[in-house]
Amino acid sequence: MDLPFSGDLIAALVFPGVLGIFGFLVVAIWLERKLVARVQWRYGPLYVSKPLGGLLQPVADLLKLVFSELVLPRHTNRLFFAAAPILLFFAEGLPVVFIAAAPGVVMAPHPYGLAIAVVLVLLVAVLVVAMAWTEADKFTYVGAVREILLTAAYEVPLLLAALAMFILYGTADPYGVVEAQSNLWGAVLNPLAFVAYLVALLMATTRFPFEIPEAEPEVVLGPYTEYGSTLFIYAFGANYVKLYVLALLGSVLFLGGWLPAGGLAGVFITLVKMLVFVLPAMLVRAIYPRYRIDQALRIGWGKLLALSVAAVALSLVWRLLR
Amino acid sequence: MKTLVSQAVARLARWGTKWSLWPPHLVTACCGVEIGHIFGSVYDAERFGMLPMGSLRQSNIIIIEGTITLKMAKFVKYVYEQMPEPKYVIAMGACAIKGGVFYGSYHMVPASKVVPVHAYVSGCPPTPEAVLKAVSKVQEQIGHAEN
Amino acid sequence: MVAILIFVVVFLGALVALVVVTFLFAPRRPSEIKERRFESGGPPYGPVQRRLLMQYFGYIYLVTVVEAAVGLALVAVLTAQPSAPMLYLAIALLLAAVLIVVLRYFKVLNDIRRWS
Ligand code: SF4
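So, here's what we can say about the structure. (Residues numbered from 1 in each chain as written. Chains lettered and ligands numbered in written order. Predicted model: local features only at pLDDT ≥ 70, side-chain atom pairs only at ≥ 80, totals over all residues. Heavy atoms only, no water.)

1. Topic: the pairing of strand β3 (residues 88–92) of chain B
Regular strands place side chains that alternate from one sheet face to the opposite one. All names here are of chain B. The buried count for β3 comes to five of five residues, which makes it a mostly enclosed element. Along β3, one buried face is formed by Tyr 88, Ile 90 and Met 92 and the opposite face, lined by Val 89 and Ala 91, is buried too. With five bridges joining them, strand β1 (residues 61–65) and β3 adopt parallel strand pairing. Pairing of Ile 62 across the sheet is with Val 89, part of β3. Sheet analysis places β3 next to strand β5 (residues 119–121), joined by three bridges and oriented parallel. The residue bridging Ile 90 from the neighbouring strand is Ala 119, located in β5. (Buried < 20%, exposed > 50% of the residue type's maximum accessible area, 1.4 Å probe, protein only. Helix = DSSP H or I, 4+ residues; strand = E, 2+ residues; numbered from the N terminus. Pairing = 2+ DSSP bridges.)

Spelled out as structure tokens, the structure:
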């Protein structure tokens, strides 16, 4: 390529990488607050930058948090207390290394790339629990237990949905997966897996119907209660990073990634396709009440498991027919 | 050079703080009912960047909602003390100013005796517009602060 | 390889840099009360760790087993030869077994107190 930067550098610094993650944090928080406000007949953030419709609101929030006092409680291990959210945020962003946003725009092309990304996403729950544990607070303690249980609810359906798609495509290479969808998108070939993935995504990012670990009326902010200042950005933003990663993964797995474009235009196509996952995740916040933890577990091991097993079966049938 | 940098940083910090005042849930009396209104559809304090927060570690403005009894004053003080540094207080309602209907009662304290107050709102209960006016007053104060 | 390194360094660097900015520029007025445990605006009371409610423990047992099995299936699918009907049969059987077990014990799973 005759670009000033090679594709993997773009991937590292701009789109799936650093700039994309922080940009997504800003845009997603703004979008969420605006959309929810729209549903509730409000304006949402506005006066901070009126011509932009309040787009600077998350920026102001970030600045406020960065320049507010950093309190490290005395009863915690202060080093771990400060390190846990940084590690969490970093670990949530790590799976993008293996996901391609456009041909060539990937940090580490790997034949099993997407499978590794799925596993990395699942591994992060450990860090949330570790973070809650370091905070040593009644609310974080309850939040940690709830996080463990919720993880138990979504892990298997998410893995099964990914398995269904890998069986269908016969590969976990991001390029191979997208190539296999050149005629029909994965979401059309296997809608069951798509739905299972979407619900598992809501659970994994603790979005609204499953916002159980950080249920505000019950456990303040769950695992994030003790954090203020910059560390709160990381602790709370980690969820948005997870949404970003899962949306990116989903658009490659189910929506044909950068097709029909190639090259750098593919990056924009991928961005637009990510909205298919991001917008519902934002909107359900305004619509649904919250499930109890046992209801969430029952959904995960009941209907969702059945759905994802059916998705694998559908993939097997497709595979044998071909 | 150093002062220039620190001035620029302070301006940024003030701008951020100004547009992102997050109150914790601290309801001391009947004015608290009005708070629901302020964040509801009609008055929508989120336009000014306010966001009700659960934990004190992230919030930076207390809206004292009406009467503070001696018993509750301990908790108001405690909440104020536990909030991280740039922090502001709005005292809402006649009760928080001087006692309102409980004026002269043995068991009530004016807000200014408990915590430093940045803006007062009069009324019993104050209308949501009045509270929002006070919020923008506080924002002006933050924006024009020196240092 | 270089790209991953750059990503890690820039990403972690940015995260740490923001914390450093907070450390340098944010106002600081430490006090004893501020550094206490957060307890909804009251003084901390009682121990943090309490006895865990174990009633949904069955799910965690289940997830450790099923997840490992599904992981094995994933590895098998990805490393298998292009057409391996036997493998697909094995996966189908595995998932059927999982479904049967979950369906059979669904009621019991919901509450450990029903285990006997
Ligand atoms: S000012 Fe009026 S409404 Fe507010 S707390 Fe006092 S009595 Fe209640």
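2. Focus on the interface of chain A and chain C
Tallying the contact residues gives 71 residues for chain A and 59 residues for chain C. When the two sides are added together, the surface that chain A and chain C hide from each other amounts to roughly 5800 Å², 78% of it contributed by carbon and sulfur. Of all residues in chain A, Glu 69, Lys 138 and Trp 301 of chain A give up the largest surface area on contact with chain C, accounting jointly for 13% of the area buried on that side. Across the salt bridge formed by Glu 35 of chain C and Arg 74 of chain A, the nearest N and O atoms sit 3.4 Å from each other. There are twelve residue pairs in polar contact (both at pLDDT 80 or more) connecting chain A and chain C. The element contributing the most residues to the side of chain A that touches chain C is helix α7 (residues 138–169) of chain A, with 15 residues. (Contact = heavy atoms within 4.5 Å. Buried area = accessible area lost by both parts, 1.4 Å probe. Salt bridge = Lys/Arg side-chain N within 4 Å of Asp/Glu carboxyl O. Polar contact = N/O pair within 3.5 Å; in protein donor to acceptor, adjacent residues only side chain to side chain.)

3. Comments concerning the interface of chain A and chain B
With 33 residues of chain A at the contact, the number on the chain B side is 30 residues. Buried area between chain A and chain B, both sides added, is near 2500 Å², and the carbon and sulfur share of it is 60%. When the buried surface of chain A facing chain B is broken down by residue, Tyr 47, Lys 64 and Phe 67 of chain A rank first, second and third, together holding 25% of it. Where chain A meets chain B, there are four salt bridges. Measuring nitrogen to oxygen at the nearest pair gives 3.0 Å for the salt bridge that ties Arg 42 of chain A to Asp 44 of chain B. Where chain A touches chain B, the interface holds 17 residue pairs in polar contact (both at pLDDT 80 or more). Breaking the side of chain A that touches chain B down by element, the ones donating at least two residues are α3 (57–66) and α12 (229–253) of chain A. Class assignment for the residues of the side of chain A that touches chain B results in 19 nonpolar, seven polar and seven charged. (Nonpolar A, V, L, I, M, F, W, Y, C, P; charged D, E, K, R; others polar.)

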